[in-house]
Amino acid sequence: VNFRAEKQGKEPRYASLAWLRQLREEIDRRQQTGKFAPIHFAAHLGGEYCVDVMKGDASLVRTLWEDYGFLRVQLSPTRAHGVNSTHLRKYLPTLKNVIVALPQVEFVLEVTKETRGLSFALMDEPQPNLAFLFCAEETGRGPDSASS
């Protein structure tokens, strides 16, 4: 599920929290019947949401995990995702604090030319709940950018 503050609930690819709550309730209801396998959600954070996490604010990720069942959070700190990508490396200690504080959540950092300074610094001290998604696209829009 894509998350970006200025688009949430306003564009088709950005579900509202109310819709997510309804989806979670429906999944929970179906799982109680024993006929529905567990569903694992993944969040894709861009814009302010991504920057807040990099600044050390774990509240959104914690809410997504505790209230909605999200187990994976992809961070895309690139211009294409609404983030000023200059000087990303300054977020190394605060982002690492969030990753360490939420070991039950898998974090995925998009690796592009824009994010390489931060990405490579995090690779120097790997965390068990941190993965990297290499994106060769110049735009940093991810592997499916041709279809977007």
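For every chain, the first residue of the written sequence is number 1, and numbering continues from 1 onward in sequence order. For this predicted model, a pLDDT threshold of at least 70 governs which residues receive local features, and a threshold of 80 or more governs which side-chain atom pairs are given and counted, while totals over whole chains, interfaces and linings are taken from all residues. Note that water and hydrogens are dropped before the side-chain values are worked out from all heavy atoms of the structure.

(A) The arrangement of the packing of aromatic side chains in detail. Think of it this way: a Phe, Tyr or Trp ring, Trp meaning its six-membered ring, pairs with another when their centres are within 6.5 Å, and the plane angle makes it stacked under 30 degrees, edge-to-face over 60, tilted otherwise. Tallying each qualifying case throughout the model produces two aromatic pairs. Seen from their ring centres, phenylalanine 3 and phenylalanine 70 are 5.7 Å apart, and the 75° between their planes marks the pair as edge-to-face. With a gap of 67 residues between them, phenylalanine 3 in strand 1 (residues 2-3) and phenylalanine 70 in strand 3 (residues 70-75) connect regions that are remote in the sequence. Exposure class is identical for phenylalanine 3 and phenylalanine 70. Each is buried. Through successive ring pairs, a cluster of aromatic residues spans Phe3, Phe41 and Phe70. A run of H or I in DSSP counts as a helix once it spans at least four residues, and a run of E counts as a strand once it spans at least two, with each numbered from the N terminus. Under the scheme applied here, a residue whose accessible area is under 20% of the maximum for its type counts as buried, over 50% as exposed, and between as partly exposed, the area being computed with a 1.4 Å probe on protein chains only.

(B) Seen up close, the sheet that holds strand 1. Taken together, the five strands give an open sheet; going across it, the order is 1-2-3-4-5, and neighbouring strands pair in parallel fashion. Each edge of the sheet is formed by a strand with only one pairing partner; in this case those strands are strand 1 and strand 5 (130-134). Against the sheet, helix 1 (residues 17-32) touches strand 1, strand 2 (41-45) and strand 3, its axis set at about 165° to strand 2. At least two bridges found by DSSP between two strands are what make those strands a pair. In this analysis, two residues are considered to be in contact whenever any of their non-hydrogen atoms come within 4.5 Å of each other. Angles run from 0 to 180 degrees between N-to-C directions of axes, and those axes are lines fitted to C-alpha atoms, restricted for helices to the stretch in contact.

(C) Spotlight on the environment of lysine 35. Among the structural elements, lysine 35 can be located in the loop between helix 1 and strand 2. Residue classification places lysine 35 among the exposed residues on the basis of a relative accessible area of 75%. Separated by 61 residues in the primary sequence, lysine 35 and lysine 96 have C-alpha atoms spaced 39 Å apart.

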